[in-house]
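Each chain is listed here by its residues.
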Amino acid sequence: MTNSLRVRLLWWLLVPLAIYVFVTGKAAYDNARHTADLVQENTLLASARMIAGEVEWSDGRLLVDIPPAALEVFASPEGDQVFYNVSVDDGRLLAGVPDFPTRAAAHRDTPDYYDADLDGKPIRAVGFVRQMYDNGAIRRVLVSVGKTQASRDAMVRELWRPQLVRQIEMVLLAVALACIGLTFELRPLLKVKKEVMDRDPMQLEPLRVERMHTELRPIVEAINQCIARLGLQVAAQRRFIADAAHQLRTPLTLLETQLQFARQHCEMEPSLNETLAAMQRSNRSMVGLTNKLLLLAQAEAADYTQLARRKVDLAVIAQDVIEDLAMFAQKREIDLGAELDGAAWIIGHEGLLTALVYNLVENAIRYTQAGGHVTVAVTRDAPRVTLSVIDDGPGIPAEARSRVFEPFYRASADTEGTGLGLAIAKEIVQAHRGEIVLAHRAHPDRGVIVTAVFTDVS
Ligand SMILES: Nc1ncnc2c1ncn2[C@@H]1O[C@H](COP(=O)(O)OP(=O)(O)O)[C@@H](O)[C@H]1O
Ligand SMILES: [Mg+2]
């Protein structure tokens, strides 16, 4: 049997209902038969009595004159055939069909009903005995009347069919209502399923239990406990990465100083100096990676409700970042511009938001060819504040677009980088309950537009 809860519940409903219909249907059929038999037997008896009433002595002989009314009582649209037989106990046939299957055992005045066969046709018959006295002579006259079963069967059908139809209708109605009810009542279950399925992998809030069926609650609570344990696990992992990155910084800083010192004292040896310079570059990219890892861990751990509930001006942050990166832009011959129209207050963490703008602008400058333009815009359009970083560089290849927000994913291998910049940006925006989207400028203008939208609180 299928595993669908709905189908199984329907079966549990259908099987007992079917049994119920069968049992009551059978009882109704028996009742209908009983009633039809009674009616038929009464008619048979009335007819037999009428015929018996017409038997009389005439000149010492028994005679009978069959009254038409005795047979008219059987008139029916089904056109049943009626047979009769009137015979005396000395074997003489007074009237009717000679080979009528009479029953000899009939007692006086007690009608005897029985099923028989006449010319291969099943009939229901009655035998009725009348005693005739004449001059001390007693004769038993047996009147038998039988008829075929068509009208009786029709009556059974008429009595029974409507009941059966009504019951089947009721069952169908019950099934339909049950289907509707099940669909309706199973909706919370489907809602839970949808809520679990639609979840972001990192969305670790518990599912809501209120307004849930009592039966569903333990399941949802179990899921919630599982989510909570997962949350602890994830938090521990993040803490580990943050701690590791933090711990790495000290030896790396020390290494930087040592390399500097070594380079200052080996100017005599050009090849050694070169090696040291290469080591210094590696060390710096390691420092960069460690810092980004730490930043990513911080951004992931940041929670809107726990963020310093401070208002910050995103326009000021953008301005500061532009100033910081002006030299870098100049070096890469990029025209770095700003479109800021006054203060744009949002709730957030200044350090993280600075990192966000920094990463986006740095990307735009880094991936745009010399002579390109990068624009940083902060616009207020209540209830939103929008930060956009627009460039006219080569853009991101279509197949890479969906993945650039993943940690360590890089679409260009020829420049240096960690692949963490956009992952960090996304985490920071999400921690601020904002939304970040990547768009492309239409042809013929090329380039990327990264937009982050926050809630205006000015
Ligand atoms: N403005 C941009 N123009 C073109 N490509 C970009 C731009 N910003 C990001 N990318 C692509 O997205 C990838 C991921 O960016 P990011 O996460 O900052 O990592 P990284 O800059 O360290 O490579 C980059 O490798 C780059 O190929
Ligand atoms: Mg980057």
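Scoring rules and cut-offs
Residues numbered from 1 in each chain as written. Chains lettered and ligands numbered in written order. Predicted model: local features only at pLDDT ≥ 70, side-chain atom pairs only at ≥ 80, totals over all residues. Heavy atoms only, no water. UniProt positions renumbered as here; feature names shortened; annotations may be inferred. Helix = DSSP H or I, 4+ residues; strand = E, 2+ residues; numbered from the N terminus. Buried < 20%, exposed > 50% of the residue type's maximum accessible area, 1.4 Å probe, protein only. Contact = heavy atoms within 4.5 Å. Areas by Shrake-Rupley, 256 points an atom, 1.4 Å probe, with all protein chains shown as cover. Lys, Arg positive; Asp, Glu negative; His and termini not counted. Charge placed at Lys NZ, Arg CZ, Asp CG, Glu CD. Expected span 1.5 Å × (residues − 1). Near = heavy atom within 4 Å. Polar contact = N/O pair within 3.5 Å; in protein donor to acceptor, adjacent residues only side chain to side chain. Nonpolar A, V, L, I, M, F, W, Y, C, P; charged D, E, K, R; others polar. Patch = residues over 30% accessible without salt bridge, like charges linked within 9 Å, V, L, I, M, F, W, Y side chains within 5 Å. Salt bridge = Lys/Arg side-chain N within 4 Å of Asp/Glu carboxyl O. Phe/Tyr/Trp six-rings, centres within 6.5 Å; stacked < 30°, edge-to-face > 60°. Pairing = 2+ DSSP bridges. Axes fitted to C-alpha atoms, helices over the stretch in contact; angles between N-to-C directions.

- Under an unreviewed UniProt entry, the name given to the chain is histidine kinase, and the source organism is Caballeronia glebae.
- The heading Subcellular location (unreviewed entry) in the UniProt record of the chain holds the text "Membrane".
- Checking UniProt for the chain, the heading Catalytic activity (unreviewed entry) contains the comment "ATP + protein L-histidine = ADP + protein N-phospho-L-histidine."

**Here's the deal with the overall build of the chain**
Okay, so step 1: A tally of helices and strands in the chain yields 10 helices and 14 strands.
Okay, so step 2: When its C-alpha atoms are laid out on the principal axes, the chain stretches across 170 × 45 × 40 Å.
Okay, so step 3: Considering the chain as a whole, with its 458 residues, one finds that 36% of them fall into the buried category.
Okay, so step 4: A sequence separation of at least 24 residues applies to 65% of the contacts in the chain between residues at least 6 apart.
Okay, so step 5: Surface accessibility of the chain: about 27400 Å² in total, with carbon and sulfur atoms responsible for 57%.
Okay, so step 6: Taking the average location of the 50 positive side-chain charges in the chain and that of its 58 negative ones, the two points are 3 Å from each other.

**Details of helix α6 (residues 270–301)**
Okay, so step 1: Spanning 32 residues, α6 covers 46 Å between terminal C-alpha atoms, matching the ideal 46 Å at 1.5 Å per step.
Okay, so step 2: Restricting attention to buried positions, one finds in α6 the residues Asn 273, Leu 276, Ala 277, Gln 280, Asn 283, Thr 290, Lys 292, Leu 294, Leu 295, Leu 296, Ala 297 and Ala 299.
Okay, so step 3: Tucked into the core, α6 has its buried residues touching α5 (217–264), α8 (350–367) and α10 (421–431).

**Section: the site of ligand 1**
Okay, so step 1: Around ligand 1, the surrounding shell holds 18 residues, and the nearest of these are Asn 363, Tyr 367, Asp 391, Arg 410 and Gly 419.
Okay, so step 2: Within the backbone of Thr 418, a nitrogen or oxygen atom sits 2.8 Å from an oxygen atom of ligand 1.
Okay, so step 3: Between an oxygen atom of ligand 1 and a main-chain N or O atom of Gly 421, the distance comes to 3.3 Å.
Okay, so step 4: Out of a free accessible area of 530 Å², ligand 1 has 95% covered by protein chains.
Okay, so step 5: Elements with a minimum of two residues in the shell around ligand 1: α8 and α10.
Okay, so step 6: Residues that form the shell around ligand 1 fall into these classes: nine nonpolar, seven polar and two charged.

**Considering the side chain of Asp 80**
Okay, so step 1: Here Asp 80 shows up in the loop between α2 (68–72) and β3 (82–88).
Okay, so step 2: Here the side chain of Asp 80 touches Thr 148 through a polar contact of 2.8 Å, side chain to side chain.
Okay, so step 3: A polar atom in the side chain of Asp 80 sits 2.9 Å from the backbone nitrogen of Ala 150.
Okay, so step 4: Discounting chain neighbours no more than four positions away, the residues touching Asp 80 are Lys 147, Thr 148, Gln 149, Ala 150, Ser 151 and Arg 152.

**Some points on unusual backbone geometry**
Okay, so step 1: Geometrically, the link from Ala 382 to Pro 383 is a cis peptide bond, its omega value of 5° lying close to zero.
Okay, so step 2: Inspection of the secondary structure puts Pro 383 in the loop between β11 (373–381) and β12 (384–391).
Okay, so step 3: One non-glycine residue with positive phi stands out, namely Phe 408, at about 70°.
Okay, so step 4: Looking at the secondary structure, you find Phe 408 in the loop between α9 (398–401) and α10.

**Some details on a nonpolar patch on the surface**
Okay, so step 1: Together, Val 7, Trp 11, Leu 14, Val 15, Ile 19, Phe 22 and Val 23 line one region of the surface with nonpolar side chains, adding up to about 640 Å² of accessible area.
Okay, so step 2: Relative to the assigned elements, Leu 14 resides in helix α1 (residues 5–53).

**Details of the pattern of salt bridges**
Okay, so step 1: Considering all chains together, one arrives at 16 salt bridges under this definition.
Okay, so step 2: In this structure, Arg 139 and Asp 89 form a salt bridge, with 3.6 Å as the shortest nitrogen-oxygen distance. Placement of the pair is Arg 139 in strand β7 (residues 137–148) and Asp 89 in the loop between β3 and β4 (93–96), with a sequence separation of 50 residues.
Okay, so step 3: Taking relative accessible area as the criterion, Arg 139 reaches 29% and is therefore assigned partly exposed.

**Re the packing of aromatic side chains**
Okay, so step 1: A complete count under the given rule lists one aromatic pair for this structure.
Okay, so step 2: Between Tyr 29 and Trp 160, the ring centres sit 5.0 Å apart and the planes meet at 75°, which makes this aromatic pair edge-to-face. Here Tyr 29, found in helix α1, pairs with Trp 160, found in helix α3 (residues 150–185); they are 131 residues apart in sequence, far enough to count as distant.

**A few points about the sheet that holds strand β14 (residues 448–455)**
Okay, so step 1: Taken together, the five strands give an open sheet; going across it, the order is β9-β11-β12-β14-β13, and neighbouring strands pair in mixed fashion. At either end of the open sheet lies a strand with only one pairing partner, and these are β9 (335–340) and β13 (435–440). For this sheet, the mean inter-axis angle between neighbouring strands, taken without regard to orientation, is 15°.
Okay, so step 2: Sheet topology note: the β13/β14 ladder contains six bridges and is antiparallel. Note on β14: the bridge partner recorded for Glu 435 is Val 453.
Okay, so step 3: This element, α8, spans β9, β11, β12 and β14 of the sheet and lies at about 25° to β12.
Okay, so step 4: Together, β13 and β14 form the strand contacts of α10, whose direction differs from that of β13 by roughly 135°.

**Digging into the sheet that holds β3**
Okay, so step 1: Spatial ordering of the open sheet is given by β4-β3-β7-β6-β5, a layout of five strands whose pairing is antiparallel. Across the chains shown, the open sheet's two edge strands, defined by having one partner strand only, are β4 and β5 (112–118). When the angles between neighbouring strand axes are averaged without regard to direction, this sheet yields 25°.
Okay, so step 2: Two strands pair when backbone bridges link them, and β5 and strand β6 (residues 121–134) are joined in this way by seven bridges, in the antiparallel orientation.

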